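Structural characterization, general
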Amino acid sequence: MRSFTVCLIMALAMAATATASRAEIPTRRSRFLLANALPFYDCSKKSAAVCLAPGSPGATCCGGQCVDTVSSAYHCGRCNKVCKGPHPTCCGGRCVDLSSDKDNCGKCGNQCNKKCNYGFCDYA
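Comments concerning the overall build of the protein chain
Of the regular secondary structure elements, the protein chain holds two helices and six strands. Its helices and strands taken in sequence order, the protein chain reads α-α-β-β-β-β-β-β from the N to the C terminus. Here the protein chain holds 124 residues, and 21% of them are scored as buried. Within the protein chain, contacts between residues separated by at least 24 positions form 2% of all contacts whose residues are at least 6 apart in sequence. When the accessible area of the protein chain is evaluated, it comes to approximately 9,500 Å², of which 59% is carbon and sulfur surface.

Here it is, written out as structure tokens:
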């Protein structure tokens, strides 16, 4: 009887230890769920209002993704309007060339008095 009690106490102690260590093991998700999970800012199968949520990349839904039409070179001013050129840049919803645009010289919003050359105001 005494050996039975000792075995029972040891079994309960081992079970308690196993339960405590399981809490530390991270849960796993299946590969199917990971591969088919929708991104948080995917507006193709959700309402376009998801694009207005804090932290969203932009307020416009273009092709199922939330985008910023003010600064995106692939959606400049509206969906699918791609800025062309050697260095495509979108400033305020307009495609600009930062090396020669008088209102956006070198960076967006940098205005020059006279002329913009090579991204510098009044150069040469």
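Resuming the write-up.
Considerations on the state of the cysteines
Counted by the stated rule, this structure contains seven disulfides. Each sulfur of the disulfide joining Cys83 and Cys95 lies 2.2 Å from the other. When the S-S torsion is -85°, as for the bridge of Cys83 with Cys95, the disulfide is left-handed. Of the two residues, Cys83 is situated in the loop between strand 2 (65–67) and strand 3 (89–91) and Cys95 in strand 4 (residues 94–96); the sequence distance between them amounts to 12 residues.

Observations regarding unusual backbone geometry
A positive phi is found at Asn80, a non-glycine position, where the angle reads about 60°. Tracing the sequence through the fold places Asn80 in the loop between strand 2 and strand 3. For Asn80, a relative accessible area of 60% translates into the label exposed. With a phi close to 55°, Tyr118 is a non-glycine residue in the positive phi region. As for its placement among the helices and strands, Tyr118 is situated in the loop between strand 5 (116–117) and strand 6 (120–121). Taking the relative accessible area as the measure of exposure, Tyr118 reaches 67% and is therefore exposed.

Notes on the environment of Gln65
Inspection of the secondary structure puts Gln65 in strand 2. The class for Gln65 is partly exposed, based on a relative accessible area of 39%.

Re the pattern of salt bridges
For the structure on display, the rule yields one salt bridge. For the salt bridge of Arg94 with Asp101, the shortest nitrogen-to-oxygen distance reads 3.4 Å.

Focus: the confidence of the model for the protein chain
Summarising the model, the protein chain shows a mean pLDDT of 77, and 69% of its residues fall at 70 or more. This stretch, residues 19–23, has a pLDDT under 50; its non-local contacts, to residues over four places away or in other chains, come to zero contacts.

Brief notes about the side chain of Ser56
Examined against the element boundaries, Ser56 turns out to sit in the loop between helix 2 (31–35) and strand 1 (60–62). Among the polar contacts made by the side chain of Ser56, one reaches the main-chain carbonyl oxygen of Cys51 at a distance of 3.0 Å.

Here we look at the side chain of Asn104
Structurally, the position occupied by Asn104 is in the loop between strand 4 and strand 5. Assessed through its relative accessible area of 7%, Asn104 is described here as buried. Among the polar contacts made by the side chain of Asn104, one reaches the main-chain amide nitrogen of Gly109 at a distance of 2.8 Å. Those residues in contact with Asn104 that sit more than four places away from it in its chain are Cys91, Arg94, Val96, Asp97, Leu98, Gly109 and Asn110.

The rules behind these values
Residues numbered from 1 in each chain as written. Predicted model: local features only at pLDDT ≥ 70, side-chain atom pairs only at ≥ 80, totals over all residues. Heavy atoms only, no water. Helix = DSSP H or I, 4+ residues; strand = E, 2+ residues; numbered from the N terminus. Buried < 20%, exposed > 50% of the residue type's maximum accessible area, 1.4 Å probe, protein only. Contact = heavy atoms within 4.5 Å. Areas by Shrake-Rupley, 256 points an atom, 1.4 Å probe, with all protein chains shown as cover. Disulfide = S-S within 2.5 Å. Salt bridge = Lys/Arg side-chain N within 4 Å of Asp/Glu carboxyl O. pLDDT = per-residue confidence, 0-100. Polar contact = N/O pair within 3.5 Å; in protein donor to acceptor, adjacent residues only side chain to side chain.

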